[in-house]
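# Inside the fold
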Amino acid sequence: MKLLKLLAMAGLLILTSFFFFPFEFSFLPGMNTKMVMAGVGLVVLAFHFARRGEIVPDKDFIGIVGLALLVSLIGFAAVTYNSTNDYTYATYFVSMAVWLGAAFVVVRAMGKVHGEVDVELVCNYLIVLCTVQCLIAISMSYIPSLKSFVDSFLAGYGFMGKMDDRIYGIGCSLDVAGSRFCAVMMMVAEMMRRSAKRGELWKVYLYVCAFAVIAVIGNMIARTTTIGIGMMVIYLIIITFLEERSGGEGLGRMWKVVAWMSALAVVISVVLYNVSPIFRYNLRFAFEGFFSLAETGKWEVHSNEILKSMVVFPDNLKTWLIGNGYFENPYMKDPYYIGRIFYGYYMQTDIGYCRFLFYFGIFGLLAFIAYFIKVGTTCMKRFPDYKLMFFAILMVNFIVWCKVSSDIFLVFAIFLCVPQQTDEKYETTADHPLPGQSRRDGEGTGQ
């Protein structure tokens, strides 16, 4: 039975990866794993609707849906007014529904395997997943046969596919992966705190190991991961202060583990840097700024220099209000485009806030910000014990927008599908609530 449980957990980890790091199979072009899971999720939801005979989403979920629709309507207005064919965010409501459908499949599967699902279980799966993705990515640099195997079924190039100039996992690449690593680091910090308070130091060691792997190898995949490292340190300092202020035992033992394991990670990295040319190349890329500071006395990162040139804002009132209706590069996607030629993204900027402004103006940007605030506060309300963690993840989203336009709604989506925190345990296999629903008093608890 234990072997079957382990196999089921391994399969569940793969399913979670299909959701969290979606990709296209080479034999199934045009259909990524997230979309397939969303289709399954819709069938499962339809079964629930038929069995329950009613749909009772809570007010917070209705608010999330309403704001997603508002973002889509403003995007559609921008596209229509500017006569473009870029529907990237005009269809955002559909994207939100797809993420929720895929997330529901994952949570439902977790319920089948573990009997009940809570925030800690979801966090642990995402932490393990990101660690495994990083290990796969670095392993492919050393094992050509593994890389050939992955490349045989991984289609395309970019954030869901292959890369030529840096390491990548399975659907795990570029800043999209980096932003998700950042969010998961907030989970690592929270799990470390909880394990330390329960006296489970062996778990703290495991979480610090996971952090070290994601921090080092994750940066090799995407240097956006550096944001997560900084925010995790700040998070740990804040929770330590709050624990001491509340009269708790403090987190001194946790910090000792962090210090010892961090020192060990540095030693291992130094050894590998000196014995492995592959590791040396990737480490220099991951921490280019630190190497530049040590060798030249100046902090210089190539991507940061490019980022400075991407700070571009609208130069007319119309664009500020309704945007230009372009998010992708029109030169590459619009056959009727006859305007200025851009290399890279529209207006040659990859900064999230700038791209949103140029797409649907200040009103669209504010609606999108309001949408994420609603998503984040809903998770805080549903799981008050994890309020600080969800706030930190929300801040990750807004800070990452200063660099790229990737959002992390999928991180919140999986928690929106987890049954709301109550004072009693609940069996998810008995009657799993729909996304946005909380279990009624006594329902599914045997009362």
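Rules used throughout
Residues numbered from 1 in each chain as written. Predicted model: local features only at pLDDT ≥ 70, side-chain atom pairs only at ≥ 80, totals over all residues. Heavy atoms only, no water. Helix = DSSP H or I, 4+ residues; strand = E, 2+ residues; numbered from the N terminus. Buried < 20%, exposed > 50% of the residue type's maximum accessible area, 1.4 Å probe, protein only. 1 Å grid on protein atoms, 1.4 Å probe; cavity = no way out; pocket = protein on both sides within 12 Å on 5 of 7 lines; lining within 4 Å. Points joined across faces, edges and corners; volume = space filled by probe spheres on them. Nonpolar A, V, L, I, M, F, W, Y, C, P; charged D, E, K, R; others polar. Contact = heavy atoms within 4.5 Å. Expected span 1.5 Å × (residues − 1). Phe/Tyr/Trp six-rings, centres within 6.5 Å; stacked < 30°, edge-to-face > 60°. Lys NZ or Arg CZ within 6 Å of the ring centre and 35° of its normal. Axes fitted to C-alpha atoms, helices over the stretch in contact; angles between N-to-C directions. Parallel < 35°, antiparallel > 145°, perpendicular 65-115°, else oblique. Left-handed = near helix turned anticlockwise from the far one by under 90°. Core = buried A, V, L, I, M, F, W, Y, C linked by side-chain atoms within 4.5 Å. Arc of directions from axis to C-beta. pLDDT = per-residue confidence, 0-100. Salt bridge = Lys/Arg side-chain N within 4 Å of Asp/Glu carboxyl O.

### Quick word on the overall build of the protein
Helix and strand counts for the protein come out as 18 helices and zero strands. Here the protein holds 447 residues, and 51% of them are scored as buried.

### Some thoughts on the layout of surface pockets
What the largest pocket holds in volume is close to 1,100 Å³. Lining the largest pocket are 37 residues, with T88, Y89, F159, F327 and E328 positioned closest to its centre. Where the lining of the largest pocket is concerned, the elements lending two or more residues are α2 (33-52), α4 (92-114), α7 (174-197), α15 (330-333) and α18 (409-416). Tallying contributions element by element places α4 first for the lining of the largest pocket, with five residues. A class-by-class count of the residues in the lining of the largest pocket yields 20 nonpolar, seven polar and ten charged.

### Here's the deal with the side chain of E190
Assignment of secondary structure puts E190 in helix α7. Beyond its immediate chain neighbours, meaning those up to four positions away, E190 contacts Y235, D385, Y386 and M389.

### Comments concerning helix α17 (residues 387-400)
Between its first and last C-alpha, α17 extends 20 Å over 14 residues, near the 20 Å set by a 1.5 Å rise per residue. Residues of α17 that are buried include every one of M389, F390, A392, I393, L394, V396, N397, F398 and V400, and no others. In this fold, the buried residues of α17 make contact with α5 (119-142), α7, α9 (225-245), α16 (352-382) and α18.

### Details of the packing of aromatic side chains
By the definition in use, this model includes 41 aromatic pairs. Centroid distance F23 to F25: 4.8 Å. Interplanar angle 65 degrees. Geometry classified as edge-to-face. On the basis of relative accessibility, which here comes to 2%, the residue F23 falls in the buried class. Seen from the ring of Y273, R280 lies directly overhead, with NZ or CZ sitting 5.5 Å from the centre. One cation-aromatic arrangement involves R355 over F327; the distance from NZ or CZ to the ring centre is 3.8 Å.

### Details of the packing of helix α8 (residues 201-221) against helix α10 (residues 252-275)
Axis separation between α8 and α10 bottoms out at 9 Å; the angle between their running directions is 40 degrees. It follows that α8 is oblique to α10 by the angle criterion. Once α8 is placed against α10, the crossing between them reads as right-handed. When α8 is examined against α10, the residues L201, V204, Y205, V208, C209, A212 and V216 are found in contact with a partner set consisting of R253, M254, V257, V258, M261, A265 and S269. Of the residues contributing to the contact of α8 with α10, the split by class is twelve nonpolar, one polar and one charged.

### Some remarks on the nonpolar core
Ranked by size, the top nonpolar core spans 121 residues in total, and within it Y371, F390, F409 and F415 carry the most contacts. For this core, the element with the most residues is α7, which contributes 13 residues. Dropping the residues within four chain positions of it, F415 is found in contact with V119, V122, C123, M187, C379, R382, F383, M389 and F390. F23, F25, M140 and I170 belong to the second largest nonpolar core, which has nine residues in total.

### Considerations on the environment of C379
Turning to its location among the elements, C379 is positioned in helix α16. Judged by relative accessible area, which is 0%, C379 ranks as buried. Sequence separation between C379 and A413 is 34 residues; the distance between their C-alpha atoms is 9.3 Å. Setting aside anything within four residues of it in sequence, one finds C379 in contact with F390, F412, F415 and L416.

### Focus on the packing of helix α11 (residues 277-286) against helix α12 (residues 288-296)
For any two helices packed against each other, one specifies the inter-axial angle together with the distance between the axes. It is the contact of α11 with α12, at a shortest axis distance of 5 Å, that shows an interaxial angle of 90 degrees. Relative to α12, α11 is oriented roughly perpendicular. For the pair formed by α11 and α12, the contact residues are L283, R284, F285 and A286 on the first element and E288, F291 and E295 on the second. A per-class count over the contact of α11 with α12 returns four nonpolar, no polar and three charged.

### Details of α12
Along α12, the residues classified as buried are G289, F291 and S292. Here the buried residues of α12 occupy an arc of 160 degrees about the axis, which is enough to place them on one side. Those residues of α12 that are buried are in contact with α10 and α11.

### Focus: the confidence of the model for the protein
Mean pLDDT over the protein works out to 86, with 89% of the residues at or above the 70 mark. Predicted confidence is poor over residues 424-432, with pLDDT under 50, and the contacts of this stretch with residues over four places away or in other chains come to 38 contacts. Every residue in residues 439-447 is under pLDDT 50, and counting partners more than four places away or in other chains gives 18 contacts.

### Some thoughts on the side chain of S269
Here S269 shows up in helix α10. According to the relative accessible area criterion, S269 is buried, its value standing at 14%. When sequence neighbours within four positions are dropped, the list of residues in contact with S269 reads V216, F279 and L283.

### Considerations on unusual backbone geometry
Look at L174: it is not a glycine, yet its phi comes out positive at around 55 degrees. If you trace the backbone, L174 turns up in helix α7. Positive phi, normally seen in glycine, also occurs at M347, with a value near 60 degrees. The residue M347 is located in the loop between α15 and α16 in this model.

### Overview of the pattern of salt bridges
Here the structure, examined in full by the defined rule, presents 13 salt bridges. Note that K203 and E200 form a salt bridge whose closest N and O atoms lie 3.4 Å from each other. Close ionic contact of R355 with D350 constitutes a salt bridge, the shortest N to O distance being 3.4 Å. Judged by relative accessible area, which is 14%, D350 ranks as buried. Each of E190, R193, R194, K197 and E243 takes part in one network of salt bridges that share partners.

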